[in-house]
Amino acid sequence: MKRRDFLATSALGLGALSLNGCYREENQIECKSINISRGKKVTLKLATSWPAHFPIMGTGLDNFAARCKELSGGTLEIKVYPKNILVPALQVFDTCSAAQIDAFHSGVYYWKGKNSAFSIFGGMPLGLTSEEMITWMKFGGGLELWRELYGKFNLYPLIGGSTGPQMGGWFKKEINSLADLKGLKMRIPGLGGEVMQKLGVNPILLPAGEIFTSLERGTIDATEWVGPALDQMMGFDKAANYYYTGWHEPGSILEITFNKNRWEKLSSEHQAIITAATEEMTGTMIQEFRYKNAKALQELPKEVQIKTFPKEIMDAAKIALKEVLENESNKNEDFKRVLQSYTKFTKLNMPWDEISTKNFLNIRS
Ligand code: CA
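Residues numbered from 1 in each chain as written. Predicted model: local features only at pLDDT ≥ 70, side-chain atom pairs only at ≥ 80, totals over all residues. Heavy atoms only, no water.

Taking an unreviewed UniProt entry as the reference, the protein is identified by name as C4-dicarboxylate ABC transporter belonging to uncultured Sulfurovum sp.

Structure, rendered in structure tokens:
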């Protein structure tokens with residue numbers, strides 16, 4: 001193949017400007033650099049913790065993969081493997097750490113068994129919203145700490161979406177006091193589950209496929225999931241009538257995490273494309289959750305009553321959370337460090353949030 005033909009072929013799929021540039025002799029140097037970074041096709045295997053094309057989270061990831069291909073002119077292909085196809089849903093972390101897959105898309109809160117500090121990167125009960133979490137990560141040092149701690153597992157995380165505020169969950173009976181929580185069996189994972197346990201709830205972990213039947217049959221008394229859009233899909237509105245507003249997952253963060261060696265071997269151009277595509281995915285996912293939750297809320301059956309937990313319960317939850325965090329900080333130095341960074345940002349953010357967003361929402365309402 002003649003050099004000129006090679007340049008033209010390799011540049012196929014790039015914008016018209018680059019393609020034209022390749023035909024101009026005087027631009028050969030620029031052309032060459034394009035071919036070095038983009039010429040070699042890279043295919044990455046990415047496993048997820050969701051079923052194929054799962055609404056919002058899974059479809060967001062499908063779009064991410066499509067955007068990587070598009071932005072790279074076809075030189076970066078990310079093959080998405082839904083849960084259990086290549087790897088079981090909750091083994092993506094270990095498999096990627098061992099370089100058996102290149103990347104995964106999942107929820108950070110799943111890995112608190114690896115290091116309890118990871119639960120803070122996933123989101124905090126009664127804590128920061130999605131936008132605030134992302135701000136802490138990008139500007140307040142959160143992402144740096146996350147990458148440092150994941151680095152010990154040979155992993156490199158990027159923010160891979162967020163759910164926006166989640167609802168507090170579906171209850172079969174109304175909750176009027178702390179006493180009503182005693183002995184209640186509720187599906188609720190993570191730090192929220194630990195807080196609920198201190199309030200007398202018996203937190204249960206169930207695979208997604210078993211939650212509806214357990215709630216319908218009364219094997220459990222309550223469950224949290226995400227928000228109206230995904231909860232309705234699970235059918236919870238047919239199994240319980242009391243739908244409580246959220247407190248335990250105000251801004252849960254999802255991740256697209258790479259095997260660190262694999263990430264470092266990618267060209268800087270492919271790294272930049274992936275980073276830009278994750279940013280786009282995160283913004284779009286938050287917007288899509290907002291729109292679809294707002295819509296699904298209007299479509300809930302009339303029997304469903306939206307409730308807010310009594311002040312007595314939320315006050316007790318705040319105290320219980322403080323105990324959970326102190327206890328974990330004493331046990332785990334990493335947890336203590338991450339919590340310090342998180343708290344520092346929270347204190348910085350709070351006075352501004354009070355007079356900006358919170359104040360405005362009060363005026364607007
Ligand atoms: Ca949830």
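What about the coordination of the calcium ion?
Within the protein, the atoms that donate to the calcium ion are Gln-166 (OE1), Glu-224 (OE), Glu-224 (OE), Trp-225 (O) and Glu-249 (OE), at distances of 2.2 to 2.9 Å. Sequence positions of the donors to the calcium ion reduce to the motif Q-x57-E-W-x23-E. Placement of the pair is Glu-224 in the loop between β8 (222-223) and α11 (228-234) and Glu-249 in the loop between β9 (242-244) and β10 (253-259), with a sequence separation of 25 residues. Given a relative accessible area of 13%, Glu-249 falls into the buried group. (Donors = N, O, S within 2.8 Å, 3.2 Å for Na, K, Ca; no water. Helix = DSSP H or I, 4+ residues; strand = E, 2+ residues; numbered from the N terminus. Buried < 20%, exposed > 50% of the residue type's maximum accessible area, 1.4 Å probe, protein only.)

Looking at unusual backbone geometry
Phi is positive for Leu-126, close to 55°, though the residue is something other than glycine. Along the polypeptide, Leu-126 turns up in the loop between α6 (118-122) and α7 (130-139). Although it is not a glycine, Asn-154 adopts a positive phi angle of roughly 60°. Here Asn-154 is to be found in the loop between α8 (142-151) and β4 (155-162).

Let's talk about the pattern of salt bridges
Following the criterion strictly, the structure yields 20 salt bridges and no others. Two residues, Arg-262 and Asp-102, come together in a salt bridge whose shortest N-O distance is 3.3 Å. Of this pair, Arg-262 sits in helix α12 (residues 260-265) while Asp-102 sits in the loop between α5 (92-97) and β3 (103-107), and the two are 160 residues apart along the sequence. Residue Arg-262 is classed as partly exposed on the basis of its relative accessible area, which comes to 26%. Overall, the relative accessible area of 13% leaves Asp-102 in the buried class. Here Glu-326 ties to Lys-322 by a salt bridge, and the two come within 3.5 Å at their closest N and O atoms. Of the two residues, Glu-326 and Lys-322 are both situated in helix α14 (residues 311-331); the distance of 4 residues between them amounts to about one turn of the helix. Judged by its relative accessible area of 44%, Glu-326 is partly exposed. Salt bridges sharing common partners tie together Arg-67, Glu-70 and Glu-280. (Salt bridge = Lys/Arg side-chain N within 4 Å of Asp/Glu carboxyl O.)

Looking at the UniProt feature "binding site: Na(+)" (unreviewed entry) in the protein
Residues given the UniProt feature "binding site: Na(+)" (unreviewed entry) here are Trp-225. When you line up the elements, Trp-225 lands in the loop between β8 and α11. (UniProt positions renumbered as here; feature names shortened; annotations may be inferred.)

Side note on the nonpolar core
Counting 56 residues, the largest nonpolar core has Phe-121, Trp-136, Phe-171 and Met-196 as its most contacted members. Examining the composition of this core, we find that 8 residues originate from one element, α14, more than from any other. There are two domains that each give this core at least three residues, and those are domain 1 (42-164 + 252-292) and domain 2 (169-250 + 303-360). Those residues within four positions of Phe-171 in sequence are excluded, and the remaining contacts are Leu-181, Leu-184, Met-186, Met-196, Asp-221, Ala-222, Ala-240, Asn-241, Tyr-242, Tyr-244 and Phe-309. Counting 43 residues, the second largest nonpolar core, distinct from the first, contains Ile-78, Tyr-156, Leu-266 and Ile-273. (Core = buried A, V, L, I, M, F, W, Y, C linked by side-chain atoms within 4.5 Å. Domains from an automatic or database assignment. Contact = heavy atoms within 4.5 Å.)

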